[in-house]
Amino acid sequence: MDTKIKPRRPVQSIGLLASGLDADTRLQLACEGLQASYWHWGSGADAEYVYRLVSDNPEWLAQASAPVRSRWACLASLWPVLFGAPPERRADAEAETEAQDWVGAVALLVRAVCASEGAALERTLPSLTRVLGEPPPLGEALISHFLAARALFAGHLSQALDHTRRALAVLPEHPDGRFRAVLRAHHARLLARAGYWRQALSEASRARREGRGFANPLFDFQLHMMLACLPLQRNQLRRCLPYVRRAFAAGAREGLIFSYLIDDDDLAQFCALALREEIEPDYTRTLIRQRQLTGPTRSDLQMVWPWPCRLWVLGRFDVEVSGERLGRLSQPQLRALLSELVLAGPQGMPQVQLASRLWPDSAPDKALNCLHVTIHRARDFLQVPDAIAVDGGLVTLVAEHLWVDAWALTELAVQRKHLSLPVLRQAVDLFRGQAQFVAADELQAEIYQESLNVAFRDLVLSLGDALVRRDVDDAVSCYRHAQRFLPLDERLWAGRLETEALLDNPRMLALSFRQLEKAYQRDLDMLPPSRLLSVYKTLRGD
């Protein structure tokens, strides 16, 4: 056994190692150890200690009776789901096990809900109702809770609300209020999803009060994840932060990887928010990897996501895999393929059209064959097989597996009025020059480049407006930086002149307008537009 695994509460393990115990008693003690580790302590270290102790002594299982073995199998199957497990242990979480008592049934149902396995939930629910018979209040609350999960999986929100309401009504008072607080937070989340915001906020407040003083990281994690879902639903990320901070601190302490009734999209947003705010970054990356989460849908959160692959085309054409730069593409056809797919956007391009663009002088069949060979090579180069999809005659770069700076710039520009100052800075910094495409259709590439220029300009104007309220010099620097790439953009020049005028420095304003005149004379052999001349005269006080 691994002696490095030290439980913080060794009482159960000491009982397990006592001499003179029959097989059923010893394995029953192990079951109690796992139960205590889950529901009382929320401790991954304690659970792992008991789990490995039994695994390293297979005779304990072999000599125990079938009912006790069944209980152990059900409880043991939950440990890899809650706390993660090495590959050799994951089979326990996937094993088909039938519960013979309510302890085992609850463990299997929690496992099914954590894994979002509707079929397993449906299969195991009758076991819980059968073994409980006439259920006590706690049993009835558990049944209602799992019925709510089943209704959610089926998309029946109103039914789920009825069941959570019933669970709270029948649940007896408990000194520490852990289970009740989590149930109430779940109920609040469902009320919010149904549009009952006043009731949802009231229930969330009660859940916070009932959950004070938690000594169980597992329940602490789940409670605050549920509470974070309410501001997330209203797109209030800053209000999510206290809950995410509390939840991830508990999760990091015990290595929790499950998210009970939190879908992967919401969990991905919480993880991205945690990375952006530097909340338990090592744990957060582990959670992303263990749960195999794909990037969040919000463009501002995508900036910090640990993408398996990033494609940079603005001012350079580079590929990063797992944070490591692969360098420039040496094969022109690979670069041409990726260029065309970036230009096509997330919706992709018909493979016949793509093949004819890349191999215009080849017969259609030969061009298609060359395309599929090149796609195979591109997947190998990117080291992310799912980054390029071929489906229904379309070839696409899959946004869930690959991040493209040009796409991010465009999406952030659409959301610019709602972005924070740090995110605006990051968005503007994405633009490092003209897109380095190898495109068959030069007109399409020029049109796309113009759309990127507009997106960049709009982001700079938003950043300038935000900065001018804090630091005028910083705002001026922002405009000057942008003009390295768009030296003749009228709106950028107007923004720069208006901002410099706030410094009350006529000489600086005159020098800037002189620079403007030289730029138009040099590049277009013409005077500046009359609009800019009018702006300058107004600012000068003419």
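In the block above lies the structure referred to throughout.
Below is a summary of the structure that appears in this document. (Residues numbered from 1 in each chain as written. Predicted model: local features only at pLDDT ≥ 70, side-chain atom pairs only at ≥ 80, totals over all residues. Heavy atoms only, no water.)

**Here's the deal with the overall build of the protein chain**
Part 1 of the reasoning: Looking only at helices and strands, the protein chain features 28 helices and 7 strands.
Part 2 of the reasoning: Each of the three principal axes of the protein chain carries a C-alpha extent, and together these read 100 × 60 × 45 Å.
Part 3 of the reasoning: Here the protein chain holds 542 residues, and the buried ones make up 53% of them.
Part 4 of the reasoning: Accessible surface for the protein chain amounts to roughly 25,300 Å². Of this, 49% is attributable to carbon and sulfur atoms.
Part 5 of the reasoning: Distance from the positive charge centre (64 side chains) to the negative charge centre (65 side chains) of the protein chain: 5 Å. (Helix = DSSP H or I, 4+ residues; strand = E, 2+ residues; numbered from the N terminus. Buried < 20%, exposed > 50% of the residue type's maximum accessible area, 1.4 Å probe, protein only. Areas by Shrake-Rupley, 256 points an atom, 1.4 Å probe, with all protein chains shown as cover. Lys, Arg positive; Asp, Glu negative; His and termini not counted. Charge placed at Lys NZ, Arg CZ, Asp CG, Glu CD.)

**So, the sheet that holds strand β4 (residues 349-350)**
Consider a sheet: its strands pair through backbone hydrogen bonds, and that pairing is either parallel or antiparallel.
Part 1 of the reasoning: Spatially, the 3 strands line up as an open sheet ordered β4-β6-β5, and their pairing is antiparallel. Each edge of the open sheet is held by one strand with a lone partner, namely β4 and β5 (388-391).
Part 2 of the reasoning: Bridge count between β4 and strand β6 (residues 394-397): 2 bridges; the pairing is antiparallel. Residue pairing in the sheet places P350 in a bridge with L394 of β6. (Pairing = 2+ DSSP bridges.)

**Some points on the packing of helix α11 (residues 157-170) against helix α12 (residues 178-193)**
Part 1 of the reasoning: Look at α11 against α12: their axes get within 10 Å of each other, and the N-to-C directions meet at 150 degrees. In terms of orientation, α11 and α12 fall into the roughly antiparallel class. For the pair α11 and α12, the crossing hand works out as left-handed. Across the interface between the two elements, L157, A160, L161, T164, R165, A167 and L168 from α11 touch R180, L183, R184, H186, H187, L190, L191 and R193 from α12.
Part 2 of the reasoning: Considering only residue class, the contact of α11 with α12 consists of 8 nonpolar, 3 polar and 4 charged. (Axes fitted to C-alpha atoms, helices over the stretch in contact; angles between N-to-C directions. Parallel < 35°, antiparallel > 145°, perpendicular 65-115°, else oblique. Left-handed = near helix turned anticlockwise from the far one by under 90°. Contact = heavy atoms within 4.5 Å. Nonpolar A, V, L, I, M, F, W, Y, C, P; charged D, E, K, R; others polar.)

**So, the pairing of strand β1 (residues 309-312)**
Part 1 of the reasoning: Burial along β1 is two-sided: C309 and L311 and R310 and W312, pointing in opposite directions, are all buried.
Part 2 of the reasoning: Examined bridge by bridge, β1 and strand β2 (residues 318-321) share 4 bridges and lie antiparallel to one another. Counterpart to W312 in the pairing with β2 is D318.
Part 3 of the reasoning: Connecting β1 to the next strand, β2, in antiparallel fashion are 5 residues, including G315 with a positive phi near 80 degrees.
Part 4 of the reasoning: By the bridge criterion, 2 bridges tie β1 to strand β7 (residues 403-404) in an arrangement that is parallel. Looking across to β7, one finds that R310 is bridged to W403.

**Focus: the pattern of salt bridges**
Part 1 of the reasoning: Counted according to the given criterion, the structure contains 27 salt bridges.
Part 2 of the reasoning: D264 is paired through a salt bridge with R291; the nearest N and O atoms lie 2.8 Å apart. Note that D264 is positioned in helix α16 (residues 264-276) and R291 in helix α17 (residues 281-291), a separation of 27 residues in sequence.
Part 3 of the reasoning: By relative accessible area, which is 38% here, D264 ends up partly exposed.
Part 4 of the reasoning: Across the pair E500 and R496 runs a salt bridge whose closest N-O atoms are separated by 3.2 Å. Remark: R496 and E500 occur in helix α26 (residues 490-501); sequence separation between them is 4 residues, near one turn of the helix. (Salt bridge = Lys/Arg side-chain N within 4 Å of Asp/Glu carboxyl O.)

**Describing the packing of aromatic side chains**
Part 1 of the reasoning: Tallied over the entire structure, the rule returns 12 aromatic pairs.
Part 2 of the reasoning: For the ring pair Y51 and W79, a centre distance of 4.3 Å and an interplane angle of 40 degrees mean the geometry is tilted. Here Y51 is found in helix α3 (residues 44-55), whereas its partner W79 is found in helix α6 (residues 79-83), with 28 residues between them in sequence. Judged on exposure class, the residue Y51 and its partner W79 are both buried.
Part 3 of the reasoning: Taking 5.5 Å as the distance between ring centres and 75 degrees as the angle between the ring planes, the aromatic pair formed by F431 and F485 counts as edge-to-face. Taken together, the residues F431 in the loop between α23 (421-430) and α24 (442-468) and F485 in the loop between α25 (472-482) and α26 connect sequence positions 54 residues apart. F485 shares its class with F431; the two are buried.
Part 4 of the reasoning: Directly above the aromatic system of W403 lies the positively charged group of R310, at a separation of 4.5 Å from the ring centroid.
Part 5 of the reasoning: Its guanidinium or amino end placed over the ring of W312, R432 lies 5.6 Å from that ring's centre, counting from NZ or CZ. (Phe/Tyr/Trp six-rings, centres within 6.5 Å; stacked < 30°, edge-to-face > 60°. Lys NZ or Arg CZ within 6 Å of the ring centre and 35° of its normal.)

**Quick look at the environment of T164**
Part 1 of the reasoning: Along the chain, the position of T164 falls in helix α11.
Part 2 of the reasoning: A C-alpha to C-alpha distance of 8.5 Å links T164 and L147, two positions 17 residues apart in sequence.
Part 3 of the reasoning: Discounting residues that sit within four places of it in the chain, T164 has contacts with A148, H186, H187 and L190.
Part 4 of the reasoning: In terms of polar contacts, T164 uses its side chain to reach the side chain of H187, at 2.7 Å. (Polar contact = N/O pair within 3.5 Å; in protein donor to acceptor, adjacent residues only side chain to side chain.)

**Brief notes about helix α15 (residues 237-254)**
Part 1 of the reasoning: In a regular helix each residue adds 1.5 Å, so 18 residues correspond to 26 Å; α15 covers 25 Å between its end C-alpha atoms and thus fits that length.
Part 2 of the reasoning: At Y243, α15 shows its maximal bend, which comes to roughly 30 degrees.
Part 3 of the reasoning: Looking at α15, one finds that the buried residues are L237, C240, L241, Y243, V244, A247, F248, A250, G251 and E254.
Part 4 of the reasoning: G255 occupies a position one or two residues after α15 and carries a positive phi of about 70 degrees. (Expected span 1.5 Å × (residues − 1). Bend = angle between axes of the 7 residues up to and from the residue.)

**Brief notes about the nonpolar core**
Part 1 of the reasoning: Formed by 171 residues in total, the largest nonpolar core has its most connected members in F146, F248, F270, L311 and L397.
Part 2 of the reasoning: Considering each element in turn, this core owes the most residues, 11 residues, to helix α14 (residues 217-233).
Part 3 of the reasoning: When sequence neighbours within four positions are dropped, the list of residues in contact with F248 reads M225, F270, C271, A274, I279, E280, Y283, T284 and L287.
Part 4 of the reasoning: Listed in part, the 9 residues of the second largest apolar core include W493, A494, Y520 and Y536. (Core = buried A, V, L, I, M, F, W, Y, C linked by side-chain atoms within 4.5 Å.)

**Things to note about α17**
Part 1 of the reasoning: Turning to α17, its buried residues number three or more, namely Y283, T284, L287, I288 and R291. Down the axis, α17 shows its buried residues gathered within 140 degrees of arc, on one side only. In α17, the exposed positions that point more than 90 degrees away from the buried face belong to D282 and R289.
Part 2 of the reasoning: For α17, the secondary structure elements touched by its buried residues are α14, α15 and α16.
Part 3 of the reasoning: Backbone geometry just downstream of α17 places Q292 in the positive-phi region, at approximately 55 degrees. (Arc of directions from axis to C-beta.)

**A look at the environment of V103**
Part 1 of the reasoning: Structurally, V103 is set in helix α8 (residues 102-114).
Part 2 of the reasoning: The exposure class assigned to V103 is buried, which follows from its relative accessible area of 7%.
Part 3 of the reasoning: Note: C-alpha distance between V103 and L132 (29 residues apart in sequence) is 10.0 Å.
Part 4 of the reasoning: Apart from the residues within four sequence positions on either side, V103 is in contact with Q35, R71 and L75.

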